[in-house]
4 protein chains.
Amino acid sequence: MMNKNILIKSASNFISFVMIIAFFVFSVFVPFNQVFPQIVSNYYNSLGWIVNLIFIFDLALKLILLANKKNNLGLFSEESLADYLKTYFIFDLLSIFPIALFPTNSLWQFVPLIKIFSVFNRISFIRQIILKFAPFAVVVQFLYWFIQITHWIACGWIKIDGINEQHSISSNYITALYWTTTTLTTVGYGDIVPHSNFEKLYSVVVMIIGVGLYGYLIGNVVSVITKRDPTHEHFISNLENLSSLVRYRNLPKSLTARVKQYFLYIWKNRLEHNESSFLQKLPDGLKLEVITFLKQDFIEKVNLFKDAGNEFISDLAENLRETVITPDEFVFHEGDFGEKVYFVIEGQLSVLTKNSNKEIAKIKKGDFFGEIALFKNRPRNASVKAITFCHLYYLDKNSFDLLIPKYPLISKKIEEKVLEREKQD
Amino acid sequence: MMNKNILIKSASNFISFVMIIAFFVFSVFVPFNQVFPQIVSNYYNSLGWIVNLIFIFDLALKLILLANKKNNLGLFSEESLADYLKTYFIFDLLSIFPIALFPTNSLWQFVPLIKIFSVFNRISFIRQIILKFAPFAVVVQFLYWFIQITHWIACGWIKIDGINEQHSISSNYITALYWTTTTLTTVGYGDIVPHSNFEKLYSVVVMIIGVGLYGYLIGNVVSVITKRDPTHEHFISNLENLSSLVRYRNLPKSLTARVKQYFLYIWKNRLEHNESSFLQKLPDGLKLEVITFLKQDFIEKVNLFKDAGNEFISDLAENLRETVITPDEFVFHEGDFGEKVYFVIEGQLSVLTKNSNKEIAKIKKGDFFGEIALFKNRPRNASVKAITFCHLYYLDKNSFDLLIPKYPLISKKIEEKVLEREKQD
Amino acid sequence: MMNKNILIKSASNFISFVMIIAFFVFSVFVPFNQVFPQIVSNYYNSLGWIVNLIFIFDLALKLILLANKKNNLGLFSEESLADYLKTYFIFDLLSIFPIALFPTNSLWQFVPLIKIFSVFNRISFIRQIILKFAPFAVVVQFLYWFIQITHWIACGWIKIDGINEQHSISSNYITALYWTTTTLTTVGYGDIVPHSNFEKLYSVVVMIIGVGLYGYLIGNVVSVITKRDPTHEHFISNLENLSSLVRYRNLPKSLTARVKQYFLYIWKNRLEHNESSFLQKLPDGLKLEVITFLKQDFIEKVNLFKDAGNEFISDLAENLRETVITPDEFVFHEGDFGEKVYFVIEGQLSVLTKNSNKEIAKIKKGDFFGEIALFKNRPRNASVKAITFCHLYYLDKNSFDLLIPKYPLISKKIEEKVLEREKQD
Amino acid sequence: MMNKNILIKSASNFISFVMIIAFFVFSVFVPFNQVFPQIVSNYYNSLGWIVNLIFIFDLALKLILLANKKNNLGLFSEESLADYLKTYFIFDLLSIFPIALFPTNSLWQFVPLIKIFSVFNRISFIRQIILKFAPFAVVVQFLYWFIQITHWIACGWIKIDGINEQHSISSNYITALYWTTTTLTTVGYGDIVPHSNFEKLYSVVVMIIGVGLYGYLIGNVVSVITKRDPTHEHFISNLENLSSLVRYRNLPKSLTARVKQYFLYIWKNRLEHNESSFLQKLPDGLKLEVITFLKQDFIEKVNLFKDAGNEFISDLAENLRETVITPDEFVFHEGDFGEKVYFVIEGQLSVLTKNSNKEIAKIKKGDFFGEIALFKNRPRNASVKAITFCHLYYLDKNSFDLLIPKYPLISKKIEEKVLEREKQD
């Protein structure tokens, strides 16, 4: 059943995509045809028919789906056929109005532009589908409306101002496009200006509506382009905060450098925790699945959990927390009270005795440490210091105590390790 | 008493509405009359009288209400008649200045424009009244000031620049309007420019004040229009977050699709929890009433509560939480510890045994499940998985324990169900 | 000592104010003198001397204060005389450069404009002093820079473009001002354009720097003006939230009206709680004083506390919370468990029995109720419902238990009231 | 090893800096050479070679570093040589394309501009390096792109419009620059306008892309400049909040003045707590080091801790909280219950008896007080009031109880002090 649904979904997406392009071509042709009927009329009717066929096909599909109520995908789930026939059906019907039946310069030609309502809804669907390129999709979407708005205003200007017969058609169009752009961007050179009252009124409307809308669109595109990497923005803002510590509190250079490198490492490896607020929005089951996926490859790197079942992993994933330790930073000192056990995903650490500051052991990728805290309530019996950048996961006593009764095998493994290490001392 | 209050309130709203329109017409006529006295003077005096009568009626009503102190609706509640007479009364008095007593082109004509203060206050009231169309009302409100500002500046320009006798009055006005728009939108074609020093100073003032204000108004209208659907914005921002998970963490396609459908379902059914922060602002009693209303139809769908009293419903409503489960998602697994009982508002679920993964029962709209958790502190004895999108309400043990002593009947019903289900096992 | 400090402070503020005005006049005269030396030179030297004397006086005062270290007001507290002499002293010295010694069109005339640094600091002080008109002060401050920037650019243009001898000086100046405004607001009519290379470069610089700065200033002034009433903004945003409840959840009209009136009452009486986040920023002692002041008049309205000492009031003030109850809303129902005692600041309530819904008593301004909850852990023995809008303060059991051992007199009064009421039952 | 790393890092930063400048010069020369080949060609080839040598050197260094994998600094840490050769290497190779082999006006000259990718990455590194001047660096960075964009568009205009032979080359360039600026800032005087279709299309593209980008850049620079002091912004916003208290709640003048002075003191001494949210982002070890540094000099001022070890200081630093007390404000009153011990960093306080309000002792910089609260659970036995502004640190009982078992020496010192003070009573 799932497969059939996905098939219908894919087909529906493809049709949406075709419709969006078809509408664009059509929306460009209609006003162009009004102002220069001599040029495009040959292709115009055929084009109109093709576009209409696409929309007819879509309408038919929609009606079939609604009638069968087989579609469980949430797309039209809240609509019933009866509701649809009473409300949006009329627009969809008007949008397939056969323009070929009327002369090319008649105003009837504009009726099928009611297709814009269908297209408006579908264009945001496209954005949902190509999730991987969402920011890029936003820009394309804005361009889609940009070009159409500019084109329509330019054609409107030619219609009102009349065609200058001494110049070629392309010259006429470029001049109109040029006037439109100077007006919408508020540059307003003033070499082409309205003369008649009607032209002036047209300019007034274009200036008020167009300028606002255009400014909004340009502002958005620019902001999307420049902010397309939020993790980088985040990194920069961290640096700015650090910078103010340096200026006002004279943080020493070596410490500053280490903090900077920490942020750099976090950023380059995309380890920021901004996912957690997003995950909170999901229902419990779905959240667990996503978290499990995100932490799966890390869990697999830890020897202890290599042959643990899926169930354990999903239980664990929910309780694990992430941290990054910079080189030469202590994870904990001998004598500290602590209740966390650490798992090493990446990097190398050394175990030191407090007095001699002597390295008594090395901890590598895949190892875990600090596990005594989970069984015995006593201070750390050694210090642990990072040699390289370390990417650690940790589990605190509370979470551990909840987990362990359910998984005696894992618990046993850890206890063995504890005994083994105690012997070494 | 309430009815009388509502009547007064409605009357007051209607008068506000009439005053706003009257002021608009008046504000358009006054400067127009100054620059083209030959056209409008015939209608002008009658118009002035009508507008004045409206404002006199309003002033009288206000005085009566304040004198009687019968108005308990919070509108003028903080004012006493004495306060009013000392402060705003003078403006309201000036605003009904009889313009007809003075020649139409005299500057005395401007005095009644002090009405703007009353109108300014009332216009935001209109916005409060038509709550259902609040975003639309904002646009209308902005247009109201847009048109007046543009019109006044245009009339000012004609007054200063003089009327071009060779052109018709409408031509003159359109040209002035056109100049105003090119200036306010900063397009500035430059085909119409100030020549005298006075004209130049007028342009300077228009540019500095007008450009800033106009930019602000246009920016606001555009932003209101484009952001008129905050739930959609919310949906888009969720998708963008999902998109970054896909890009940076390679979330698999099937999981991505499910998360996407969850957000889509939430959005289409308007189930987002952004209401809770709003409800926090209300006093306890009012909050309870609103919550009860919002959850009422859901409570009625649950068989268990069908004949429960209003009091129980309002008690319950405060403690119920909402969740949505996507198809194939587990609500809980056999063996989980859990303290929530679930009520099914919408959708279908199946009860599975862990080992055989066999469906042993179906749960439908109106049922409840997980109730054993409320009585016995033991792990779930079966898994529950959603078949379709499910809209659930749940109650945790703490809330339940607070409620139940007060409603023995409901408690008994639940216990019966528990016994019945235990027998089935 | 405090008095002397306040005197010094006031004097210092007054001098700041004079300096700001003096600098403005001076900053307007200097470039004007450069372009039209024939006009202002007569007054110019005297003006320069006056302005200089003001700044010399200020410098002297500052040096005396620093030398005596008597100033404890935090103004110059972090500076020592030695530090000052090493750093800012040179600027302050340059700023009193005697311009009269040099020809009026010499570039030496610009040296004293270094005064701008002193003025820049002082202008934000002015804003601190006139706290009551802070938003207005921001606008004045922006205007202060607006006018100067525009004036300087206009004078620069005249200097470069040369004076048109056929026109009067005022014509010349207005034209330059007009060019400056069209450029800075980006209107750019193009009737006055640069011709020489130098003029073009001047325009380029004005456009890049000026346009950005001007846009920023205008944007800020507009936003300050339109946002000068944050409580109104808050009210509007509440209404917008309500509006979306009405649209999406069909909240019934009567309930909507009551919620609306609640927000209206809250706003009109400025009872919003946005002060609390501000108060959190103050140290404990100061916070207590401010809270005590804010709640003082309310406490005085409650009969119970009328003759309580200041100490009790300040203790109480910290623990009181505010609430507003709308007409017909229940504060609590008979049978509810509750631990709050309420004090009536404003409004009227009625006590109802649950069964008969009969009013058995009225509660008025200055009364308190619900006090049994403080002594006996049992459900409310009656319902309380608001008749009018009620402004209540409440105290919960925990806070009460902390307070009462310290004030046996108050405690006794309450207990007497409890006994008296129990008898009535 | 650290030293070698720092050396490599410094060298790498220096090379980045040289590359950025080299690219700028090069990027200015290339289009200039295309439009005025007769001027720059003599220097052009030598320049090209120099720039190329710099980039070759950088490429070589990068390859060596990647091959040796000695670089542990996080810069290229995530890349392997093989990855690099497969991906970015081709761009870096193209960027050192020897332009001297082709005629100066050939389009091949543009190939090395692919260097922009390297430069784009490095420019944000520069921003990281000069942390102390981060806001200034942002402005420089924006200017870097400003100037290049403007220059390129101006050169493009000359290329399309042709050189006016009657004017000098500098005239031609200035005119183009002037046209570019009028267009990009949307001033659009209209004295220089496109005539041919190609020119018009060029203008359209410049207007759409350039205007958006330019507006964004200008807006950012202005906002960076005006917001370069966030602590001042914070201070102003505090004053605005205070101002609304004064307006709506009539806060008395003396209290207002004290609150104002508190904020002033906090701001001038940069004691705001906005560092804490930043510190939360650091891993435990690093956070501790930063906190320890920030509080070190304060700890050293307290006599009690003067000879405490580093370990104690870092333990303490994590638990200390800061507060500022204004003159005449009480830290606590006799009879209050309190669990905080205070350390005086700055300022003077007096100990008062409640009844006589008589000063019985003075507390000075370096002292501590309130320590009895740590040992005996009883109310304060005296009041403490600030004489001057006091900068205090405090420790609450919980933190103290955690610390003290580990440092018996400090504990003993405090107990001695307690005994000594009790004797005095």
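A brief report on the enclosed structure follows.

## A look at the overall build of chain A
Item 1. Broken down by element type, chain A carries 16 helices and eight strands.
Item 2. Here chain A holds 425 residues, and the buried ones make up 51% of them.
Item 3. Within chain A, contacts between residues separated by at least 24 positions form 71% of all contacts whose residues are at least 6 apart in sequence.
Item 4. A total of about 20,300 Å² of accessible surface is found on chain A, and carbon and sulfur atoms cover 61% of it.

## A look at the packing of aromatic side chains
Residues and elements named next belong to chain A.
Item 1. Applying the stated criterion across every chain yields a total of 68 aromatic pairs over all chains.
Item 2. The interplanar angle of 10° and the centroid separation of 3.9 Å between the aromatic rings of Trp-157 and Trp-179 together place this pair among those described as stacked. Of this pair, Trp-157 sits in helix α6 (residues 134-161) while Trp-179 sits in helix α7 (residues 169-184), and the two are 22 residues apart along the sequence. Just as Trp-157 is buried, Trp-179 falls in that class too.

## Some words on the relation of the copies chain B and chain C
These two copies of the chain differ by a rotation about an axis and a displacement along the same axis.
Item 1. When chain B is fitted onto chain C, the two copies agree to an RMSD of 0.1 Å after a turn of 90° and an axial shift of 0.0 Å. Viewed as a symmetry operation, the transformation between the two copies matches a four-fold axis.
Item 2. By residue overlap, the copies meet through two different surfaces: only 7% of the interface positions of chain B are interface positions in chain C.

## Structural notes on the interface of chain D and chain C
Item 1. Across the boundary between the two partners, chain D contributes 57 residues, which contact 55 residues of chain C.
Item 2. A buried area of about 5,000 Å², summed over both sides, lies between chain D and chain C, and 65% of it is on carbon and sulfur atoms.
Item 3. On the chain D side of the contact with chain C, D:Tyr189, D:Tyr248 and D:Arg249 bury the most area, a combined 15% of that side's loss.
Item 4. Inspection of the chain D/chain C interface yields one salt bridge.
Item 5. When the shortest N-O distance is used, the salt bridge between C:Glu289 and D:Arg258 registers 2.9 Å.
Item 6. Our count for the chain D to chain C interface comes out at nine residue pairs in polar contact (both at pLDDT 80 or more).
Item 7. Listed by contribution, the elements that provide at least two residues to the side of chain D that touches chain C are α7 (169-184), α8 (197-226), α9 (230-249), α10 (253-268) and β1 (321-325) of chain D.
Item 8. If you tally residues by element for the side of chain D that touches chain C, the top one is α9(D), at 15 residues.

## Topic: the interface of chain B and chain C
Item 1. In this assembly, 57 residues from chain B lie in contact with 59 residues from chain C.
Item 2. Across the chain B-chain C interface, the total number found is one salt bridge.
Item 3. Where chain B touches chain C, the interface holds nine residue pairs in polar contact (both at pLDDT 80 or more).
Item 4. A total of 11 residues in the side of chain B that touches chain C trace back to one element, the largest contributor, which is helix α8 (residues 197-226) of chain B.

## Quick word on helix α12 (residues 284-301) of chain A
Residues and elements named next belong to chain A.
Item 1. Helix length check: α12, at 18 residues, gives a terminal C-alpha distance of 26 Å against a target of 26 Å (1.5 Å per residue), a fit within 8%.
Item 2. Lys-295 marks the point of greatest bend in α12, at about 45°.
Item 3. Those residues of α12 not exposed but buried are Gly-285, Leu-286, Lys-287, Leu-288, Val-290, Ile-291, Thr-292, Leu-294, Lys-295, Phe-298 and Ile-299.

## A few points about the sheet that holds strand β4 (residues 349-352) of chain A
Residues and elements named next belong to chain A.
Item 1. Pairing in this open sheet of four strands is antiparallel, and the strands run β2-β7-β4-β5 from one edge to the other. Only two strands of the sheet have a single partner each, and these edge strands are β2 (330-332) and β5 (359-363). Across the sheet, the mean angle separating the axes of adjacent strands is 30° when strand polarity is ignored.
Item 2. Judged from the four bridges that link them, β4 and β5 form a sheet pairing that is antiparallel. The residue of β5 that forms the bridge with Val-351 is Ala-361.

## Concerning the nonpolar core
Item 1. A:Tyr173, B:Tyr173 and D:Tyr173 are the most contacted members of the largest nonpolar core, which totals 131 residues.
Item 2. Residues contacting D:Tyr173, with those up to four places away along its chain left out, are D:Phe32, D:Phe36, D:His151, D:Ala154, D:Cys155 and D:Ile158.

## A few points about the pairing of strand β3 (residues 340-346) of chain D
Looking down a regular strand, the side chains alternate between one sheet face and the other.
Residue and element names in this part refer to chain D.
Item 1. Counting buried positions along β3 gives five out of seven residues, so the element sits mostly inside the fold.
Item 2. By the bridge criterion, six bridges tie β3 to strand β8 (residues 390-396) in an arrangement that is antiparallel. Residue Tyr-342 lies in a different strand from β8, and its bridge partner there is Tyr-394.
Item 3. Sheet topology note: the β3/strand β6 (residues 368-369) ladder contains two bridges and is antiparallel. Residue pairing across strands places Tyr-342 opposite Phe-369, the latter belonging to β6.

## A short note on unusual backbone geometry
Residues and elements named next belong to chain A.
Item 1. A positive phi angle is found at Asp-328, which is not glycine, with a value near 70°.
Item 2. Considering the arrangement of structural elements, one finds Asp-328 in the loop between β1 (321-325) and β2.
Item 3. A relative accessible area of 41% places Asp-328 in the partly exposed class.

## Notes on the sheet that holds strand β2 (residues 330-332) of chain D
Residues and elements named next belong to chain D.
Item 1. In spatial order, the strands read β2-β7-β4-β5; together these four strands make up an open sheet with antiparallel pairing. With one partner strand each, in any of the chains shown, β2 and β5 (359-363) form the two edges of the open sheet. On average, each strand axis in the sheet is inclined to that of its neighbour by 30°, with strand direction left out of account.
Item 2. Here β2 runs beside strand β7 (residues 383-386); their pairing, made up of two bridges, is antiparallel. Residue Phe-330 lies in a different strand from β7, and its bridge partner there is Lys-385.

## Some words on the side chain of B:Thr150
Item 1. Note on placement: B:Thr150 falls in helix α6 (residues 134-161).
Item 2. Look past the residues within four positions of B:Thr150 in its chain and what remains in contact with it is B:Leu177, B:Thr180, B:Leu184 and B:Tyr214.

## A word on the packing of helix α10 (residues 253-268) of chain A against helix α12 (residues 284-301) of chain D
Item 1. Contact geometry of α10(A) with α12(D) gives a least axis separation of 11 Å together with a crossing angle of 145°. The interaxial crossing formed by α10(A) with α12(D) has left-handed handedness. Counting all contacts with α10(A), which are made through A:Leu255, A:Arg258, A:Val259 and A:Tyr262, the residues of α12(D) involved are D:Leu286, D:Glu289, D:Val290 and D:Phe293.
Item 2. For the contact of α10(A) with α12(D), a count of residues per class yields six nonpolar, no polar and two charged.

## What about the pairing of β8(D)?
Residue and element names in this part refer to chain D.
Item 1. Among the seven residues of β8, six are classified as buried, and the element is accordingly described as predominantly covered.
Item 2. Bridging between β1 and β8 involves five bridges; their strand directions are antiparallel. Across the sheet, the residue bridging to Thr-323 is Leu-392, located in β8.

## Quick word on helix α7 (residues 169-184) of chain C
Residue and element names in this part refer to chain C.
Item 1. Taking 1.5 Å as the rise per residue, α7 with 16 residues should run 22 Å; its terminal C-alpha atoms sit 22 Å apart, in good agreement.
Item 2. In terms of burial, α7 is a largely internal element, 13 of the 16 residues being buried.
Item 3. Following α7 by one or two positions, Thr-186 adopts a phi angle in the positive range, close to 65°.

## Thoughts on the side chain of B:Thr256
Item 1. Looking at the element boundaries, B:Thr256 is found in helix α10 (residues 253-268).
Item 2. Reaching out from B:Thr256, the side chain makes a polar contact with the backbone oxygen of B:Pro252 at a distance of 2.8 Å.

## Quick word on the environment of D:Phe55
All names here are of chain D.
Item 1. Mapping Phe-55 onto the fold places it in helix α2 (residues 37-68).
Item 2. Judged by its relative accessible area of 3%, Phe-55 is buried.
Item 3. Those residues in contact with Phe-55 that sit more than four places away from it in its chain are Met-19, Ala-22, Phe-23, Ser-95, Ile-96, Lys-115, Ser-118 and Val-119.

## Here we look at the environment of B:Asp92
Residue and element names in this part refer to chain B.
Item 1. Summarising the element assignment, Asp-92 is placed in helix α4 (residues 89-94).
Item 2. Taking C-alpha positions, Asp-92 is 7.0 Å from Lys-115, a pair spaced 23 residues apart along the chain.
Item 3. Those residues in contact with Asp-92 that sit more than four places away from it in its chain are Leu-59, Lys-62, Tyr-84 and Ser-118.

What counts, and at which threshold
- Positions within a chain are numbered from 1, following the residues in the order the chain's sequence is written.
- Just so you know, chain letters begin at A and ligand numbers begin at 1, following the order they were written in.
- A pLDDT threshold of at least 70 governs which residues receive local features in this predicted model, and a stricter bar of 80 or more applies before side-chain atom pairs are shown or counted, although totals over entire chains, interfaces and linings include all residues.
- Hydrogens and waters are ignored; side-chain quantities use all the structure's heavy atoms.
- Secondary structure elements follow DSSP: runs of H or I of four or more residues count as helices, runs of E of two or more count as strands, with numbering from the N terminus.
- Burial classification: accessible surface area is computed with a 1.4 Å probe over protein chains only, and a residue below 20% of its type maximum counts as buried, one above 50% as exposed, and the rest as partly exposed.
- In what follows, a contact means two residues having at least one pair of non-hydrogen atoms within 4.5 Å.
- Methods summary: accessible areas were calculated by the Shrake-Rupley approach with a probe of 1.4 Å, and residue burial reflects only the protein chains presented.
- Only the six-membered ring of Trp is used, alongside the rings of Phe and Tyr, when aromatic pairs are assigned; centres must lie within 6.5 Å, and planes under 30 degrees apart are stacked while those over 60 apart are edge-to-face, with the rest tilted.
- Each copy is superposed on the other by least squares, with the fit set by C-alpha atoms of residues at a pLDDT of at least 70 in both.
- Throughout, the accessible surface (probe 1.4 Å) given up by two parts as they are put together, summed over both, is called the buried area.
- Salt bridges are counted wherever a side-chain nitrogen of Lys or Arg sits within 4 Å of a carboxyl oxygen of Asp or Glu.
- Any pair of N or O atoms that falls within 3.5 Å is considered a polar contact. Within protein, one atom must be able to donate a hydrogen and the other to accept it, and sequence-neighbouring residues count only if both atoms are side-chain atoms.
- Expected helix span is taken as 1.5 Å per residue step, with the number of steps being one fewer than the number of residues.
- Across the chain, bend at a residue is computed as the angle between axes fitted to the seven residues ending at that point and the seven starting from it.
- Two strands are said to pair when DSSP picks up at least two bridges between them.
- As a rule, the C-alpha atoms of each element are fitted with a line to give its axis, helices using only the stretch in contact, and angles between N-to-C directions run from 0 to 180 degrees.
- In plain words, nonpolar cores are sets of buried Ala, Val, Leu, Ile, Met, Phe, Trp, Tyr and Cys residues tied together by side-chain atoms within 4.5 Å.
- We call a crossing left-handed when the near helix sits turned anticlockwise from the far one by less than a right angle, and right-handed when that turn is clockwise.
- The residue classification treats Ala, Val, Leu, Ile, Met, Phe, Trp, Tyr, Cys and Pro as nonpolar and Asp, Glu, Lys and Arg as charged. All others, Gly included, are polar.

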